[in-house]
Amino acid sequence: MKPLFHLSFDYGQYIVNLTPHFRNVQPSSIVKYDYRPTSDTLIYGDYRDGFQKTVYGAIEVGLGAQVRFWFDNATGLRQHFWGYVGVLPIMGKETESVRYVSTLDKARNMGGRWSVPKDAADLDTWDPGDSITYIGHGGIIFSAGAGFGPVGAGVAKLANGTWETYVEKVGSDRAYVKMSKGKLNSFSMFTNVSILTLSLSEFRSSDDGFSFLFDLTTDTGRKAYEDVIRGNVLASETLSADKPRNLVERAPVVKVETFRSVATGRVVSKSLALPIIWDKTYSKGKINSYTTSEMHLDRNTAVVHYGIYSDSEDSRFWFKHKEKDFMFYGAKYSVQNWDSKARMESMFGTYSYAFKHESSNGKRLRSGIYALVKKTGLDSLMVGVPDADLGYTGIEFNVNFSDENTMRLMRAAQTMSQDAFIDKSTDQIYSYFNERNDPYDLCLMDGGARLPGSCVNVTTKKTAEAASKMYYALKTMYKTMNSDPKAFAAAYGSFGEGMAENLFTFRAAMAIAGAGTTIDYLVEGTHINMYFREWMVNGSGRWVPAVQSPNYKGLPFQPATRHSKVRGMIIGNSDAGKIPHMMPVTF
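Throughout what follows, the structure given in this document is the object of discussion. Just so it is clear, the model here is predicted, and its values are computed rather than measured.

A word on the state of the cysteines. A complete count under the given rule lists 1 disulfide for this structure. Between the sulfur atoms of C443 and its disulfide partner C455 the distance amounts to 1.8 Å. Taking the torsion about the S-S bond as the criterion, the C443 to C455 disulfide, at about -85 degrees, is left-handed. Residue C443 is found in the loop between α8 (429–435) and α9 (454–480), and its partner C455 is found in helix α9; the two are separated by 12 residues along the sequence. Since its relative accessible area comes to 6%, C443 is described here as buried. Note on C455: relative accessible area 7%, which makes it buried.

This is the structure in structure tokens:
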């Protein structure tokens, strides 16, 4: 019998300049700019509208026991064999706080908040928009592994419970509180060689929660806030049922939402890690999610099914993080009013790219933008970037398919043969390589040399396979759109997986979806102005600008996706006895 230890901790922070970028504002700094791109140049050093600072941290510990196996008095190869079975209880917490300030110096000197305010008086010092998320969790991991020398393989099963509280200051005198309780069960199979770990994880999670809005100008609202933070929800439920006596009076407590979500998924990942110091993880996965929400303000019930595809690359060195994520989520939803019983059904799909780097510069931001351009073929997204220390930088890009766009995609699969549908993607490949000479370096190796001509054949084969996946997914969507929303959403996620293969499948999907598709693009950072553009595709296929300033309208619902990361290492009976601990993170 030997002990089994686990320790994982993380910390990070980043600052976002909230000053918007407008075309008629000229750069005022003296940094060197890259004028090669085809679009705008980002503005550096204009801080007139203040900053948002996010600080987050997490710690998790575990202490258990393991039974070791080996050959007694072994010689030769048998002495290198090892095996174990272990049980590890774990517990931990995570926090994230968001605060707003007027100057960069204040943002740099300001720390994060690490606990939920229990007294309403504590919120009096908060600025509008300030928020904190606190998550506590605990569970147990059962694991078993065996190996030979530095090579190991094994399985792990996790049962975990979470308790989450979110508090936000709304305006100058109200507080929004959301609480949820969740369960997670996962099973992982893994193999590792030294610092490399390959794993396949399947999980099922569920969350139940509610939210209230408290009027802090009233003693009743302040007391109800303090009660709910301490666990007494009954008082807020009772108060929210009492309606104001007139149109002037404001209710001290308003119930906003009651919700439940269930998700299942499978994630394949490859991880390189030096515990505590550095890790890098590549992961791909599919998630099916179901959410039902009672929206008390509008007196509606919303039921949403999501099908999600995710492809991500995340890394960390000490407390500096980098993320690059491609995602597609398709949804089928219904909304029914409690009073009129009127019911509305619809669907949408979103292709999404996100990039974040907490220690960025011009080269790193250009690399993040170029990864998006390479995946989509959209040169106009390659804005000019200051050649300077940029602090934090982030990119968000979304293509939104409406109900009408989704119908157009499905009809194309119904009216076209599989070969004709595939040709929509593969017909672009010849001109790309032979007339444009591979402008996005799809066939470029790390050393700078070009791959042989087989690269074109491989690209054509992968494109055809992805287009075929899109085709059959759309036929399944058409078949199930009025009978099986879960199957519809799962098929929409599979369509997104095909669309995300490369720029040829992306362009084909955009061309078929046609008019009404909306695109939004955000580039933000500590020192650069917030660059936001939004377009809509018109009947001629052209992108028509929609707005010139930030617009956070979002979609009707946000998917409760769970992205798995290697958060730490459970140390077994040798360097090879390491279990990747897959910790779900909501984003």
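Now that the structure has been shown, we can carry on.
Moving on to the packing of aromatic side chains. Taken as a whole, this structure holds 28 aromatic pairs when the rule is applied. A centroid spacing of 4.9 Å and a plane angle of 90 degrees characterise the contact between Y432 and F433, whose relative ring orientation is edge-to-face. In this structure Y432 comes out as buried when scored by relative accessible area, which is 2%. Counting every residue linked through ring pairs, the aromatic cluster contains F9, Y11, W114 and F319. For K270, the ring lying beneath its charged end belongs to Y282, and the centroid distance is 5.1 Å. Against the face of F488 rests K332, its NZ or CZ located 5.9 Å from the ring centre.

What counts, and where the lines are drawn
Within each chain, residue numbers correspond to sequence positions counted from 1 in written order. The predicted origin of the model limits local features to residues at a pLDDT of at least 70 and limits the giving and counting of side-chain atom pairs to 80 or more, whereas totals for whole chains, interfaces and linings rest on all residues. Here the side-chain values reflect all heavy atoms present in the structure, with hydrogen atoms and water set aside. In plain terms, two cysteine sulfur atoms within 2.5 Å form what is called a disulfide here. Here a strand is any run of E in DSSP of at least two residues, a helix any run of H or I of at least four, and the numbering for each starts at the N terminus. Residue burial is assigned from relative accessible area. The probe radius is 1.4 Å, only protein chains are included, and a residue is buried under 20% of its type maximum, exposed over 50%, and partly exposed in between. Stacked, tilted and edge-to-face pairs are distinguished by plane angle, under 30 degrees for stacked and over 60 for edge-to-face with tilted covering the rest, among Phe, Tyr and Trp rings (Trp via its six-membered ring) whose centres lie within 6.5 Å. Here, over-ring charges are defined by two tests on the NZ atom of lysine or the CZ atom of arginine: distance to the ring centre within 6 Å, and angle to the ring normal within 35 degrees.

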